[in-house]
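A closer look at the structure
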Amino acid sequence: MGTLLTPARMEALQGRVERIVERLKPWSWLWPPMAFAAGLGSFFLVDRQQWLGAVLALGLLFAWLLLLSESLIGRWLAHRGHPTLPKGITAFIAQMIHQETLFFTLPFILVTTVWNSGQALFALLVIGMAVWSIIDPLYYKLAGRWRSLYFMFHAQCVFLVLLVILPIMVHLTTGQSLLLALVLTVLVALPSFWHLLKKRSLARWLGFFALAVVLAYGAWLGRVWVPPASLWMTSTALSPAFDTQQRTPQGTMALTPDAIRSNGLYVYTAIRAPRGLSETIYHAWHHNGAEMDTVELAINGGREQGYRAWSHKQNFPEDPSGEWRVDIMTDGGQRLGLIRFTVSEDADKATVADSTIQPSGLSALNLRRFIPGKNGTQSDSSEPE
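Residues numbered from 1 in each chain as written. Predicted model: local features only at pLDDT ≥ 70, side-chain atom pairs only at ≥ 80, totals over all residues. Heavy atoms only, no water.

Things to note about helix H8 (residues 147-169)
The test is simple: Strands are runs of DSSP state E lasting at least 2 residues, helices are runs of H or I lasting at least 4, and numbering of each runs from the N terminus. Expected helix span is given by 1.5 Å per residue-to-residue step, counting one fewer step than there are residues. We call a residue buried when its accessible area falls under 20% of the maximum for its residue type, exposed when it is over 50%, and partly exposed in between, using a 1.4 Å probe and counting protein chains only.
For H8, which comprises 23 residues, the first-to-last C-alpha distance of 32 Å matches the rise-based estimate of 33 Å (1.5 Å per residue) to within 8%. When you tally the buried positions in H8, you get 17 out of 23 residues, the bulk of the element. Remark: His171 follows H8 within two positions and exhibits a positive phi of approximately 55°.

Some thoughts on the packing of helix H7 (residues 136-144) against H8
The condition is simple: Interaxial angle, 0 to 180 degrees, is taken between N-to-C directions of lines fitted to C-alpha atoms, where a helix line uses only the stretch in contact. Under this scheme an angle from 65 to 115 degrees is roughly perpendicular, one under 35 degrees roughly parallel, and one over 145 degrees roughly antiparallel; angles in between are oblique. We call two residues contacting when some pair of their heavy atoms lies within 4.5 Å. Nonpolar residues are Ala, Val, Leu, Ile, Met, Phe, Trp, Tyr, Cys and Pro. Charged residues are Asp, Glu, Lys and Arg, and all others, Gly as well, are polar.
Relative to each other, H7 and H8 sit at 110°, their axes nearing to 6 Å. Considering their axes alone, H7 and H8 lie roughly perpendicular with respect to each other. Each of Tyr139, Leu142, Ala143 and Gly144 in H7 lies in contact with H8, whose residues at this interface are Arg147, Leu149, Tyr150 and Phe153. Split into classes, the residues belonging to the contact of H7 with H8 amount to six nonpolar, one polar and one charged.

Things to note about the side chain of Gln119
For clarity, the cut-off: Think of a polar contact as two N or O atoms within 3.5 Å of one another; within protein, one of them needs to be a possible hydrogen donor and the other a possible acceptor, and neighboring residues in sequence only count if both atoms come from side chains.
Summarising the element assignment, Gln119 is placed in helix H6 (residues 119-134). Within the structure, Gln119 has its side chain in polar contact with the backbone nitrogen of Val114 (distance 2.8 Å). If we skip the residues at most four places from it in the chain, Gln119 touches Thr112, Thr113, Val114, Val224, Trp225, Val226, Pro227, Pro228, Gln334 and Arg335.

Looking at the nonpolar core
Across soluble globular proteins, nonpolar side chains show a tendency to be buried alongside one another. Applied cut-off: To define a nonpolar core, start from buried Ala, Val, Leu, Ile, Met, Phe, Trp, Tyr and Cys residues and group those joined through side-chain atoms within 4.5 Å.
In terms of nonpolar packing, the biggest core is built from 33 residues, with Leu102, Phe122, Phe153, Phe159 and Val164 touching the most fellow members. At the level of secondary structure, the elements contributing two or more residues to this core comprise helix H5 (87-112), H6, H7, H8 and helix H9 (174-189). Per element, the largest residue contribution to this core is 13 residues, and it comes from H8. The contacts of Phe122, once residues within four sequence positions are left out, are Ile109, Gln156, Phe159, Leu160, Trp225, Val226 and Pro227.

Thoughts on the sheet that holds strand E8 (residues 307-313)
Where we set the bar: Strand pairing follows a simple DSSP-based rule, namely that at least 2 bridges must link the two strands.
Here four strands make up an open sheet; going across it, the order is E8-E5-E1-E12 and the pairing antiparallel. At either margin of the open sheet sits one strand with a lone partner, and together these are E8 and strand E12 (358-359).

A short note on the pattern of salt bridges
Threshold: Whenever a carboxyl oxygen of Asp or Glu lies within 4 Å of a side-chain nitrogen of Lys or Arg, that contact is scored as a salt bridge.
Counting across every chain of the model gives four salt bridges. Between Asp327 and Arg325 there is a salt bridge; the shortest N-O distance is 2.9 Å. Assigned by exposure class, Asp327 and Arg325 land together as buried. The partner of Arg335 in a salt bridge is Asp327, with the nearest N and O atoms 3.5 Å apart. The class of Arg335 is buried, set by a relative accessible area of 19%. Assessed through its relative accessible area of 4%, Asp327 is described here as buried. When salt bridges that share partners are traced, they join Arg325, Asp327 and Arg335 into one network.

A short note on the confidence of the model for the chain
Operational definition: As a per-residue measure, pLDDT reflects the predictor's confidence and takes values from 0 up to 100.
Summing up the model confidence of the chain, the mean pLDDT is 76 and the portion of residues at 70 or higher is 65%. Per-residue pLDDT stays below 50 along residues 366-385; that stretch engages in 39 contacts with residues further than four places along the chain or on separate chains.

A word on H6
If you check H6, its first and last C-alpha atoms are 24 Å apart, about what 16 residues at 1.5 Å a residue would give, namely 22 Å. All buried positions along H6 are accounted for by Gln119, Ala120, Phe122, Ala123, Val126, Met129, Ala130 and Ser133.

Some details on the packing of H6 against H8
Here is the rule: It is the rotation of the near helix from the far one that decides the hand of a crossing: anticlockwise by less than a right angle makes it left-handed, clockwise makes it right-handed.
At a closest axis distance of 12 Å, the pairing of H6 and H8 adopts a crossing angle of 120°. Classified by the interaxial angle, the pair formed by H6 and H8 is oblique. In terms of crossing hand, the pair formed by H6 and H8 is left-handed. Contact residues: Phe122, Leu125, Val126, Met129 and Ser133 in H6; Phe153, Gln156, Cys157, Phe159 and Leu160 in H8. Residue composition of the contact of H6 with H8, grouped by class: eight nonpolar, two polar and no charged.

What to know about the packing of aromatic side chains
The condition that has to hold: For Phe, Tyr and Trp, where Trp contributes only its six-membered ring, two rings pair if their centres lie within 6.5 Å, and the inter-plane angle classes them as stacked under 30 degrees, edge-to-face over 60, or tilted in between. Throughout this description, the term charge over a ring refers to an Arg CZ or Lys NZ atom that lies within 6 Å of the ring centre and within 35 degrees of the ring normal.
Under the counting rule described, the total for this entry stands at eleven aromatic pairs. Relative to Phe341, the ring of Trp285 lies with its centre 6.3 Å away and its plane at 75°, an arrangement referred to as edge-to-face. With Trp285 in strand E6 (residues 278-287) and Phe341 in strand E10 (residues 335-343), this residue pair connects regions lying 56 residues apart in the sequence. We note that Trp285, like Phe341, is buried. By way of ring pairs, the aromatic residues Phe242, Tyr266, Tyr268 and Trp310 are connected into one cluster. The ring of Phe316 carries Lys313 above its face, with NZ or CZ at 5.3 Å from the centroid.

Overview of the environment of Trp146
Structurally, Trp146 is set in the loop between H7 and H8. In contact with Trp146, other than residues within four places in its own chain, are Trp132 and Lys141.

Examining the pairing of strand E5 (residues 265-272)
Within E5, eight of the eight residues are buried, which leaves the element mostly enclosed by the surrounding structure. Side chains Leu265, Val267, Thr269 and Ile271 of E5 all project onto a buried face; the interleaved residues Tyr266, Tyr268, Ala270 and Arg272 project onto the opposite face, where all are buried too. Judged from the seven bridges that link them, strand E1 (residues 232-239) and E5 form a sheet pairing that is antiparallel. Note on E5: the bridge partner recorded for Thr236 is Thr269. Both E5 and E8 contribute to a ladder of seven bridges, which runs antiparallel. Paired with Ala270 across the two strands is Arg308, which belongs to E8.

Remarks on the pairing of E8
Counting buried positions over the seven residues of E8 gives seven, a clear majority of the element. Here E8 shows two buried faces, one formed by Tyr307, Ala309, Ser311 and Lys313 and the other by Arg308, Trp310 and His312.

Here is the structure:
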């Protein structure tokens, strides 16, 4: 290894990298739109061709490992007398990786975010980071002057890429992916507070450990604001009856107290998941803000129109009038979507459950008509009431 990595060879390699970067810089304004196009294309590749998306994600993860080990590699080279890349060059490379990461994950975040919930704040944060990464004066000020914020920016990018690629590549559930991503993100974010240990003392070590615990706990509490980047609802419906053979809602009914006590109510959801992913979701029924029932449902990924799951509620309270909400949740506590309806004695004010399957998320935009290829034909199995 010593004869291979001689100072002369390392200097020649460094010079080659610097020349490549200098040639790319005049064209760097093209990178943001290219990164956005790559991110959007990556979403459709992952959505329709799982293995192609996994290859892209694996390449991105490899680039992240290089970026994470940048300072370690630099110290190792300097210790052995080898030249290291100037900070401007490494910052430029890091910016390109940050942009690709943010725009790779942005379509997943935009599609899976429930916009009438706290997840909208998380999505806006990701959008803001993406905009920040393409404004050179702001990005380089962050990288050069505000190192603690830069490490946290870096950690958030790591969190995003792990959140997206873990379910795709290794078929972890959203809950498992979220937990692993949170743990690794906290570990990556801790170096931004390393200055607390410049003066070694027991109190500072205890403070650093307490800070790590607080960060981990805060991240876990905030998981409900994080959209499940690998799952999204494609359609929903309310109905008084259900054809379990065809797996379709049927019938029409105004949701008056007498009607729902007599017939019950079906909530139908179709949920899109990556091929090969098995997931547990929950329909959590709420009446005037109070949780009433939670129904556990198992789904399997790979079906183009979404895996069809439903719950049937019959044990309504004596007075079911008021506002109802059904939260569709993952086992990790992330919200996939929600359905609201009103039960009222006045039929004009009551919601009508008419079995109409309403598209939601990306399906509501019907963007798939622009993508060549046949729809998936994988069937789904029935769900118990």
